[in-house]
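# Structural features, examined
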Amino acid sequence: WETSHPGKEYPKNEDGTIRLPNKNLDKLESDVLYHLGLDTKNYDLPALFGDVKFVCIGGTKHRMREFAEFVSFNVFHGKNMKLVNLTKHSHRYATYKVGPVLSVSHGIGIPSMTTALQEIIKLLHYAKAVDPIVFRIGTSGGLGIPPGSVVVSSWGLNGYLEKSYDIPVMGRSLKLPAILDKRLSQEIYSMASEEDEFQTYLGGTMGADDFYRGQARLDGPFCDHTEEDKLEFLEKLSEMGVRNIEMEAPAFAALTKEAGIRGAIVCVTLINRLEGDQVSTEKGTLLQWQKRPMAIVAKFISKYLDSM
Ligand code: R2B
Ligand code: URA
């Protein structure tokens, strides 16, 4: 059984702060952002996070610390260097703040990412941050493009090949559209330059709920399809305009849209899935490639701040 609910989008307040329509929140004496290790009673969230303009989320704690360092050096020229993990005692996600930029890890897959993202949305609301933009920087498997390429997502596709994020709620499926902010994705795509040593593409991103079978891999512990089935499926995705496969895109697209927040996904591809399944590129190269989405987002942030 599937019940479709039209995806609602909640406009921001006139001053650009985030409006949350959930009236139950008004009844709380204090709100605990459990996985971020923050709450509205013991922390002055407007003082701590009220100046946030950009939130960048990504899978690993290590990468998000690197992004904070990258922004510190490249956007703020080494100022604001002392990096402290602000959510250390939650033992879940790592959060770093460099001026108006927040860098937060989200783990692997939709449930882990949406737990972090929903608490970030509440945090931005309580902090009264004005017109914040949220990015996901990540890794992915590419479709027919050279490994090391960057994909800026225009939409997310779920495992059933629908451009939606489907979440079971009380025994029914809630369906939210997974379309990303078109202007923002194009602005980010336009950051790519001929001098880059890699190609950047704009296209659809499939977010699978599994790394192995869910991405048609043949190298998991279980496999019930053939190589021909896999290639046929990946070709079909390509024809639909999908450029890469990762594990969070539809949910990220849907929740940022629902909150009325501009959001973008920028991923590097670690492998061409038409040529294989194993991510076997040398570690140092993989780490270098992961800097590519960082560089693009940092360039966007610099440009944005210069124009303010
Ligand atoms: C990309 O990489 C991770 C799996 O290796 C997952 O979080 C994703 O979306
Ligand atoms: N992350 C994924 O989810 N899939 C890949 O193929 C590579 C990274």
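Residues numbered from 1 in each chain as written. Chains lettered and ligands numbered in written order. Predicted model: local features only at pLDDT ≥ 70, side-chain atom pairs only at ≥ 80, totals over all residues. Heavy atoms only, no water.

## Focus on helix α3 (residues 110-127)
The cut-off we apply is this: Helical segments are the DSSP runs of H or I of at least four residues, strand segments are the runs of E of at least two, and each set is numbered from the N terminus. Expected helix span is given by 1.5 Å per residue-to-residue step, counting one fewer step than there are residues. Here's how the labels work: a residue is buried when its accessible area is under 20% of the maximum for its type, exposed when over 50%, partly exposed in between, all with a 1.4 Å probe on protein chains only.
With 18 residues, α3 ought to run about 26 Å at 1.5 Å a step, and its terminal C-alpha atoms sit 25 Å apart, in line with that. What α3 keeps buried is the set Ile110, Met113, Thr114, Ala116, Leu117, Glu119, Ile120, Ile121, Leu123, Leu124, Tyr126 and Ala127.

## Comments concerning the side chain of glutamate 248
We apply this condition: In the analysis that follows, any N or O atom pair within 3.5 Å is treated as a polar contact, provided that within protein one partner can donate a hydrogen and the other can accept it, and provided that, for residues neighboring in sequence, both atoms belong to side chains.
Mapped onto the secondary structure, glutamate 248 falls in the loop between β11 (242-246) and α6 (249-259). What makes glutamate 248 buried here is its relative accessible area of 5%. Among the polar contacts listed, one links the side chain of glutamate 248 to the backbone nitrogen of glycine 109, at a separation of 2.7 Å. Separated by 3.1 Å, the side chains of glutamate 248 and arginine 136 make a polar contact.

## With respect to the site of ligand 1
Note the cut-off: For this purpose, a residue is taken to be near a molecule or strand whenever a single non-hydrogen atom of the residue falls within 4 Å of it. Only the protein chains shown count as cover for residues, and the accessible areas themselves come from Shrake-Rupley with a 1.4 Å probe. For this classification, the nonpolar set comprises Ala, Val, Leu, Ile, Met, Phe, Trp, Tyr, Cys and Pro, the charged set comprises Asp, Glu, Lys and Arg, and every other residue, Gly included, is treated as polar.
Residues in close proximity to ligand 1 include Ile108, Gly109, Arg136, Thr139, Phe211, Glu246, Met247 and Glu248, which together make up its full environment. A distance of 3.3 Å is found between an oxygen atom of ligand 1 and a side-chain nitrogen or oxygen belonging to arginine 136. Relative to its unbound accessible surface of 260 Å², ligand 1 loses 80% to contact with the protein. Taken together, the residues that form the shell around ligand 1 break down as three nonpolar, two polar and three charged.

## Topic: the site of ligand 2
Looking at ligand 2, the residues that line it are Thr139, Ser140, Gly141, Phe211, Gln215, Arg217, Ile245, Glu246, Met247 and Ile271. Note that an oxygen atom of ligand 2 is positioned 3.5 Å from one of the backbone N or O atoms of glycine 141. A distance of 2.7 Å is found between an oxygen atom of ligand 2 and a side-chain nitrogen or oxygen belonging to arginine 217. In isolation ligand 2 has 240 Å² of accessible area, and contact with the protein removes 92% of it. Those elements that provide at least two residues to the shell around ligand 2 are β6 (133-142) and β11. Partitioned by chemical class, the residues of the shell around ligand 2 number four nonpolar, four polar and two charged.

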